[in-house]
Structures are given as C-alpha cells and as structure tokens.
Amino acid sequence: MSSAFPEISLVRHGETEWSLSGRHTGRSDIPLTANGEEAARKLAERLAGHTFSAVWSSPSARARKTCALAGFGSAAVIRDDLAEWDYGAYEGVTTKAILADRPGWQLFRDGCPNGETAADAGARADSIIHALREAADSILIFSSSHFLRVLAARWLGLPPEGGAHFVLDTASISVLGYEHDLTEPVIRRWNQR
C-alpha cells in the first residue's frame, strides 16, 4: 500500500555480538557481525525503488555501517538525536542480569542509573519528529531498537513509555506515515524482515 503522504522509513542496524546476546548497546560502538553485514547488504534490495529526499543516521558505527552497506552511506546525514538510548550503568548488561539485581525493572518505566529515562529519549524523538514534519517529505532513518521504538510512540502521540509495546528485530524496516491527512500519523508497516 503506497501513500500520497510522506513516509518515514526506519531501519534498525544489523546484528552485533551484543544485540545477539541481549546486552544493552547504547553508546558503545560494537561492530556488526558477519550476519549483520550480510543483512545490511540485503537492505539495498528491500529498499530499491523507494525515493528518499534525505537519509539520516545515528552517529553509532553500527547504524552508519548498516546505512553504508545498504547503499545509502554517501547520502547520510548524521543526527546526534538519533543515538540509541543511553543505558548508563546498564551499558553492556543483559536484562536478565539487571533483573537479578533489580527485580521488576523495566527500561521504559524506570530508565537507567547514570543514563537516560524514557522522557529523555522522548525529548530527542520529539526533536527528530519536528524536523521530519518540517521536511514534509519521505526520509530514510538508520538507528537502534529502543530509540526507534520511542520515536514510533511519539510519532503516534503516545508517551515515550509507549515504545515498550513495539519490538524491532535487527535489519528490520518499519514505515511511519499518515492515513487520511497530515493530522493522522500512523504506523504503515512495522518490523519487516
């Protein structure tokens, strides 16, 4: 289904050792695995035929490498607000290990010690959404899971914590857009692999 309105294509970076093992990867620059690189290359086929007025990427090496392998590296503009959630003390730690020390912890509700809260990530997402709506054109974005989930929640007008209800696989493509007019933001496609 295509739309007469701008569509925002979101791409989660390819697999890394830490995404594979479930370790929170915020600001650490963990490289793509061989499988992650191959999946990133296949994104070129999946995105073929789509026209984008701009390509934006997180500053992380994994997002930039995914963007480049997908064939969009030379067009990419790095936007600091697209960085993954800052996990602070939980950087490199699995949810299972966090729960062993802090039963009941939930990222989207509780945030991270010495890192970001959902509201912090939401403020960055709002900045990106403002720029997207000003551009009023189809844009391709490369970033990371938890931030893109917050971005989707804020796109719909949900609180940042609403990102907890969306899941994103590595090298997935999702599309934000509109339904009847520019006052009706929707998710047009989600987590396509």
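Here is a short report on the structure shown in this document. (Residues numbered from 1 in each chain as written. Predicted model: local features only at pLDDT ≥ 70, side-chain atom pairs only at ≥ 80, totals over all residues. Heavy atoms only, no water.)

1. Some remarks on the packing of helix α6 (residues 118-135) against helix α7 (residues 145-155)
To keep things clear, this is the line we draw: Each axis is a line fitted through C-alpha atoms, and for a helix only the stretch in contact is used; angles between axes span 0 to 180 degrees, taken between their N-to-C directions. Helix numbering and strand numbering both begin at the N terminus, where a helix is a DSSP run of H or I of at least 4 residues and a strand a DSSP run of E of at least 2. Oblique is the label for any angle not under 35 degrees, not over 145, and not in the 65 to 115 range, which are roughly parallel, roughly antiparallel and roughly perpendicular in turn. The sense of a crossing depends on the near helix, which, turned anticlockwise from the far helix by less than a right angle, makes the crossing left-handed and, turned clockwise, makes it right-handed. Contacts between residues were defined by any pair of non-hydrogen atoms, one from each residue, lying within 4.5 Å.
Contact geometry of α6 with α7 gives a least axis separation of 9 Å together with a crossing angle of 60°. In this view, α6 runs oblique relative to α7, as classed from their interaxial angle. Pair α6 / α7 crosses with right-handed handedness. Taken together, the residues of α7 that come into contact with α6 (itself represented by A121, G122, R124, A125, D126, I128, I129, L132 and R133) are F147, V150, L151, R154 and W155.

2. Quick notes on the environment of D86
As a reminder, the rule being used: Partly exposed describes any residue whose relative accessible area lies between the buried limit of under 20% and the exposed limit of over 50%, with all areas from a 1.4 Å probe on protein chains only and scaled to the type maximum.
With respect to the helices and strands, the residue D86 is situated in the loop between β3 (76-78) and α4 (95-101). We classify D86 as partly exposed; its relative accessible area is 23%. Residues D86 and G26, spaced 60 residues apart in sequence, show a C-alpha to C-alpha distance of 5.1 Å. If near-sequence neighbours (up to four positions away) are discounted, D86 is found in contact with R27, C112, N114, G115 and E116.

3. Notes on unusual backbone geometry
One non-glycine residue, A136, adopts positive backbone phi at about 50°. The exposure class assigned to A136 is partly exposed, which follows from its relative accessible area of 48%. Positive phi values are uncommon outside glycine, yet A171 reaches one of about 55°. Here A171 shows up in the loop between α7 and β5 (173-178).

4. Some details on the pairing of β5
Definition in use: Any two strands with at least two DSSP bridges between them are considered paired.
Most of β5 is tucked away: six of the six residues are buried. Residues I173, V175 and G177 point to one face of β5 and S174, L176 and Y178 to the other, with burial holding for every one of them. Where strand β1 (residues 8-12) and β5 come together, four bridges link them in antiparallel fashion. In the strand pairing of β5, S9 is matched with V175. Pairing between β5 and strand β6 (residues 185-192): five bridges, direction antiparallel. Across the sheet, residue G177 finds its bridge partner in β6, namely V186. In textbook terms, the turn of a hairpin is the stretch between consecutive antiparallel strands, and for β5 and β6 this stretch comprises six residues.

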